[in-house]
Amino acid sequence: MADESQAKDAPSPSTPPDPYRPSVVERKWQATWEEQGTNRFTEDEFRSAPDPFYNLMMFPYPSAEGLHVGNIYAFTGADVHGRYQRLRGRDVFEPIGFDAFGIHSENFALKVGRHPMDLIPSNVANFTRQLRRIGGMFDWDHTVDTTTPEYYRWTQWLFLQLFRAGLAEQKEAPVNWCPSCMTVLANEQVVAGLCERCDTPVEQRRILQWFFRISDYADRLLDNLEELDWSDVTRKAQRNWIGRSEGATLTFPVKDSSESIQVFTTRPDTLFGATYMVLAPEHPLVDRIATEERREAVESYRAEAQSRDVVARQKTDKSKTGVFTGGHCRNPATGEDIPIWIADYVLMDYGTGAIMAVPGHDERDFEFATAFDLPIRRVVAGPDDDGDTPLQEAYVGPGRLVNSGPFDGLEVEEGIRKITEWLEENGGGEVTTTYRLHDWCISRQRYWGPPIPIIHCDTCGSVPVPEEDLPVVLPRVEDFRPDDSGTSPLARVESWYRTTCPECGGEARRETDVSDTFLDSAWYFLRYPSTDTDSAPFDPEITRRWLPVDTYIGGNEHAVLHLLYSRFVTMALKDMGHIDFEEPFTRFRAHGLIIREGAKMSKSKGNVVVPDPIIEEYGADTFRLYLMFLGPFEEGGDYRDAGIQGPFGFLKRLWETVTSLDPRSDDAPPDPQVERQLHRTIEQVTRQLPELQYNTAVAALMEYLNAVRAGGRQAVRAEVEPLAVLVAPFCPHIAEEIWERLGHEGSIFDADAWPEHDPALLKDDTITLAVQVNGKVRGTVELPAGATEEAAMEAARAEPNVARYLESGTLRRVIHVPDRLLNLVIN
């Protein structure tokens, strides 16, 4: 509890209570926080804080529409956590910034006819206004804007570190191309075959692109997930995306050729059932394998497949298409020549670009074989199967091997091991591990992004821009509209891209692609504490003291984008010796989503919650409290317009309770029953806030205030003052005002006033004991907590309904569970 010796003279009881005016209270305290630097850290404080706690939320993209309710829901949840930690004595750093580069901003600028260099600063100013209004504990002296040269200088520096470490490379590869956005998309940015930004069907092109070799880190990224304190749904998404598979690479010699086809499979036990081979249309062997009579059909199919995006080609529910090449290869197990086909569901960049088709035991292969009348052979039989019955569908369950030569009768797991060993001994295969994760394509053929700091020289090749020449400043280009050529708008600005080679001094050309906006956000958390540092991206001493981030809260939609990329960049920086940790976020929690009146919010439905008028009418504290009360924070909730009245009424009643306190009762003890309720509330809120169980904590606060005010009783200070502290993480403005009106100086968040519960007061004086007769409840009795069996029996005999049963039979047995039930077995 707070030390009452800190209190000044409280208001006189003769003074009528002020009405609760949230806008007045909130503007007062926001001005006070700014004036006094309540939430700011100086460089000395960064270096000397005894108990650092880095509380982070995903920084927003500053759209023209301003903050929406989903943003405020996420930011409030994170802010509640940070404020709670500060109230418990931690030195909490809670920054905010703006993820302002990227296609979203550029497309909107094109739509409204404004240059992004003019549009984005006005959007950032609007977001800043809104963020200040919601009362977040943000350190506005340590903010970032990814579009400023002061920031992207270090994004370019990061690119150069990865380039020098061999982790950045330029290569031609099949990529996802959005014909509407006119740029390349990473695989993670294609959803169900559509561009995640504009829902346009995505095409596939082969373009020279820059890639980061994130696949080199696949094992570490996967293995570390086991130790991370992250939301299970996020870890699962990353685990599936990385997609490690243990299996074997098998060799199929091509008939009448010195060539061979390499195939990766997790089921070498089914090799005897491989009746045809399928190559990706882009496979380099297709040209050499296709016979003359099949070449025209092969080329036509390849052109058609190239127009489809990678994700759409992998859909399992589409009809199967393919073309026979005319070539054959030899199955290394059976010695049979099997036909070689091409089909769009096989991708060159996944595995080896070839699959051995086992239609008897793979659903997709079965559909393909059925469509093209190819052989289907059973090589695995189920527990109740003789192995001779023709298959009506692919059998994918457990069983034993059949039609597999010397391996017949082996269980599947043993068959995998034995056949792999046999192939290794005979040069037909080897044990292999593969991954679904592919390298991160980071170049974009757009304007609004950091220029990639590479200079192309005909003599020296790709040369990094010297670090002392960073940043490579993005020039103002009035015609920044992209085109379908696959080149960036910067490629049209000859005066910018013509330069000299840093190594030989000869004529050279700047890289005209810009980097993916996810590179900006892959390291921003490192910059926040070091924004005062001009000579490095992050101060080593401050970084060692404050990083990794203690708690990070954001959307799970970034599980395989930002969150995965940040982990890769952090690991790479550690390997290069720039930092001493390899995981950026000690704890990550994914917040839920908000719907409205049972429906998903969207501009087209006209049901988007606009925060500004709601905050103006009810106040930021009420809005924050309502959002946290909607439902479990990690699940989300249904925003209903009428629902805000409950939290608003709660804060008005809290205000009335405090402002009507009689100062003559300052030394009065709390009512015993209210005191017990208080300590139960303290225990519950203290337990639930660290676990983000906000909605039930808010409910407990509301129930406690009801107990304080029950029957119109006059509250005393000892009953109300702790409630101000418990409410503070949710409603910081009114908590500060109450704290001041109770006579305290300074911010409530620096008062070290978080109340402690008394375990002895958590127990009730009396309990309600259920009395059963032959297992059915026949009555209840009130008893002192911990009452003996004898006392329970005495009370039960006095209960009229129970007494009636006792009088009508013979008591054979008594079962007593203290403080819970009394069961009487009657004959």
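Above this text sits the structure in question.
A short tour of the structure in this document, coming up. Everything numeric here is computed off the predicted structure, so don't read it as measured data.

## Focus: the pattern of salt bridges
And then number 1: Taken as a whole and assessed by the stated rule, the structure comprises 57 salt bridges.
And then number 2: Across the pair D666 and R717 runs a salt bridge whose closest N-O atoms are separated by 3.7 Å. Pair noted here: D666 is in the loop between α21 (645-659) and α22 (672-688) and R717 is in helix α24 (residues 717-727), with a separation of 51 residues, a long-range link.
And then number 3: On the basis of relative accessibility, which here comes to 2%, the residue R717 falls in the buried class.
And then number 4: Through salt bridges with shared partners, a single ionic network connects D18, K28, E737, E740 and R741.

## Re the sheet that holds strand β11 (residues 276-279)
And then number 1: Taking strand neighbours across the sheet as the criterion, the four strands line up as β12-β13-β11-β14 in an open arrangement whose pairing is mixed. The open sheet is flanked by β12 (323-330) and β14 (354-357), the only strands paired with a single partner. Between one strand axis and the next, the sheet turns through 30° on average, direction left out of account.
And then number 2: Taken together, the three bridges between β11 and strand β13 (residues 337-342) define a ladder with parallel strand orientation.

## Observations concerning the packing of helix α26 (residues 789-798) against helix α27 (residues 800-807)
And then number 1: Remark: α26 packs on α27, axes separated minimally by 5 Å, with the N-to-C direction vectors making an angle of 95°. For the element pair α26 / α27, the angle class is roughly perpendicular. For the pair formed by α26 and α27, the contact residues are A796, R797 and A798 on the first element and P800, V802, A803 and L806 on the second.
And then number 2: Class assignment of the residues belonging to the contact of α26 with α27 gives a composition of six nonpolar, no polar and one charged.

## Remarks on the environment of P268
And then number 1: Residue position: P268 is located in the loop between β10 (260-265) and β11.
And then number 2: Owing to a relative accessible area of 1%, P268 belongs among the buried residues under this scheme.
And then number 3: For the pair formed by P268 and A718, sequence separation is 450 residues and the distance between their alpha carbons is 73 Å.
And then number 4: With near-sequence residues (within four places) excluded, P268 lies in contact with A248, I416, I419 and T420.

Thresholds, definitions, all that
- Residues numbered from 1 in each chain as written.
- Predicted model: local features only at pLDDT ≥ 70, side-chain atom pairs only at ≥ 80, totals over all residues.
- Heavy atoms only, no water.
- Salt bridge = Lys/Arg side-chain N within 4 Å of Asp/Glu carboxyl O.
- Helix = DSSP H or I, 4+ residues; strand = E, 2+ residues; numbered from the N terminus.
- Buried < 20%, exposed > 50% of the residue type's maximum accessible area, 1.4 Å probe, protein only.
- Pairing = 2+ DSSP bridges.
- Axes fitted to C-alpha atoms, helices over the stretch in contact; angles between N-to-C directions.
- Parallel < 35°, antiparallel > 145°, perpendicular 65-115°, else oblique.
- Contact = heavy atoms within 4.5 Å.
- Nonpolar A, V, L, I, M, F, W, Y, C, P; charged D, E, K, R; others polar.

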